[in-house]
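Tertiary structure, described
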Amino acid sequence: MSKSYTRATFDEVMVPNYNPSEIIPERGEGSRVWDQNGNEYVDFAGGIAVSILGHKHPGMVKALKDQADKIWHLSNVFTNKPALELADKLTAATFADKVFFANSGGEANEAAFKLARRYAHDNFGPEKSEIISFSKSFHGRTLFTVCVGGQPKYTEGFEPLPGGILHTEYNNIDAFKELISDKTCAVVMEPIQGEGGIIPADPEFVKEVRELCDKHNALLVFDEVQTGFGRTGDLYAYMGMGVTPDILTTAKSMGGGFPIGAMITTSKIAASLVPGTHGSTYGGNPLGCAVSLAVLDAINTPEMMTTVKEQSAKIVKGLETIGEKYGVFSEVRGKGMLLGAVLSDEWKGKARKFLEAGWANGVMCLVAGADVVRLAPAATITDADIEDGLARLDKAIASLVA
Ligand SMILES: Cc1ncc(COP(=O)(O)O)c(C=O)c1O
């Protein structure tokens, strides 16, 4: 008899850094997922804001299969066509001239922060090395990226930590002015703080940060790992903000579920990463780039961006109705397919309970901290899936408040 694998196996054989659900999903199609017991779920989570085209998207499946029949891996001793084509299309679609491929958001940020330091070092000298970031921000789990992130719980116990990183309050321009100086090499921000609670940047704040970066020759780095690739209803969130960064990082939706990330920037800044200064064995892997090209082709159309906005409005309306009915949400915020339902005072700290009630009622959601239920559905989600998912969420919350 073949061995059966359950959640209990996780505790036996996996490092305990995650606490996954009892549910073991096995298969997905569009915005529906089935677990190994055959139970069906509406997917409002998309992994963690990853599956922008839903599951088993025909264009992505074809791209992966076609590339799998050609070549899987080359290393960066050679370049490859999918990587060149993806970089060509990404630069054509954005402010950037140059692309560095990575495998994840954390690695894309690691590259961005290293580049910012190196560029400042090359152009202004070693004194210009400070990085300013914001409290509650999240930029990844490597030691450098957790330190730039503004959540001290993720650096505790990992000391000694890299230095030269300062934190200040998000959306507080007076506090920011106190910190920025000619020693600042980069300012790093998420256009909408994701893990921190779906907190959008105030457009006026971002504009002033941009101006102060220019005044002090500091690079503005936008971490669009969560907001990028169509999630907010623009290919990148900066496009809807009237502010252009110097470096941008992208991952999650970029591969629609296949691990890939990138750092993009201008030729002038990119010039500091000369051969030998940085690299990645798998960065620019042909399979990942082929899949990402299929995602980009499907997502980067005016029709798709309109759909994101329209479907988002329906979900927001549904969440607001549920919030009023049960008194559980004080606010629904975010943009496009990155939404946060902020728990009312009575429910603060209990976001995980909403997640679990959702699972029990056939709907997958996310949390963003303990006070926010986060939704990150696919851009392709249908009206029927939205209605069904919201009805299941309504039932889940009814069971919670009962
Ligand atoms: C804004 C942001 N940056 C970076 C990361 C890290 O990405 P990854 O987990 O792919 O390393 C995340 C992941 O949640 C994120 O939301």
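Above this text is the structure in question.
The numbering scheme is per chain: residues are counted from 1 as the chain's sequence reads. Two thresholds apply to this predicted model, a pLDDT of at least 70 for residue-level local features and 80 or more for giving and counting side-chain atom pairs, whereas whole-chain, interface and lining totals are computed over all residues. Excluding hydrogens and water, the side-chain values take into account all heavy atoms of the structure.

Some remarks on the sheet that holds strand S15 (residues 363-364)
The strands that make up a sheet are held in pairs by hydrogen bonds between backbone atoms, and each pair lies either parallel or antiparallel. A pair of strands counts as paired when DSSP detects no fewer than two bridges linking them. Secondary structure elements are taken from DSSP: a helix is a run of H or I of four residues or more, a strand is a run of E of two residues or more, and numbering for both begins at the N terminus. In space, the 4 strands of this open sheet follow the order S1-S2-S3-S15, with mixed pairing throughout. Only two strands of the sheet have a single neighbouring strand rather than two, namely strand S1 (25-29) and S15. The pairing of S1 with strand S2 (residues 32-35) spans 4 bridges and is classified as antiparallel. By the bridge assignment, Gly28 is partnered in S2 with Val33. By the convention used here, residues are in contact when the closest approach between their heavy atoms is within 4.5 Å. Whenever a helix is involved, its axis is fitted only over the stretch in contact; in every case the axis is a line through C-alpha atoms, and angles between N-to-C directions fall within 0 to 180 degrees. Helix H13 (residues 383-401) contacts S2, strand S3 (40-43) and S15 of the sheet and is inclined by roughly 110° relative to S3.

Things to note about the site of the ligand
In this text, near means that some heavy atom of the residue lies within 4 Å of the molecule or strand in question. With respect to spatial proximity, 13 residues lie near the ligand, and among them Gly105, Gly106, Asp223, Gln226 and Lys252 are the closest. Definition of a polar contact: a pair of N or O atoms within 3.5 Å, with one able to donate and the other able to accept a hydrogen when the atoms are protein atoms, and with sequence-neighbouring residues admitted only if both atoms are side-chain atoms. Within the side chain of Glu195, a nitrogen or oxygen atom sits 3.4 Å from an oxygen atom of the ligand. Contacts to the ligand include Asp223, whose side-chain N or O atom sits 2.7 Å from a nitrogen atom. Here the ligand, which alone exposes 390 Å², has 81% of that area covered by the protein. In this count, Pro and Cys sit with the nonpolar residues alongside Ala, Val, Leu, Ile, Met, Phe, Trp and Tyr, while Asp, Glu, Lys and Arg are called charged and the others, Gly among them, polar. Residues of the shell around the ligand, tallied by class, amount to 2 nonpolar, 7 polar and 4 charged. Here the accessible surface of atoms and residues is derived via Shrake-Rupley with a 1.4 Å probe, and residues count as covered only by protein chains that are part of the display.

What about the pattern of salt bridges?
Just to be clear on terms, a salt bridge is a Lys or Arg side-chain nitrogen sitting within 4 Å of an Asp or Glu carboxyl oxygen. Using the criterion set out here, one finds 23 salt bridges in the structure. The shortest N-O distance in the salt bridge between Glu195 and Arg374 comes to 2.9 Å. One end of the pair, Glu195, is in the loop between strand S8 (192-193) and strand S9 (199-200); the other, Arg374, is in strand S17 (residues 372-375), with 179 residues separating them in the sequence. Among the residues examined, Glu195 registers a relative accessible area of 21% and is labelled partly exposed. Exposure categories follow from relative accessible area, calculated using a 1.4 Å probe and restricted to protein chains: below 20% of the type maximum is buried, above 50% is exposed, and the middle band is partly exposed. By relative accessible area, which is 2% here, Arg374 ends up buried. For Glu356, the salt bridge identified is with Arg352, shortest N-O distance 3.0 Å.

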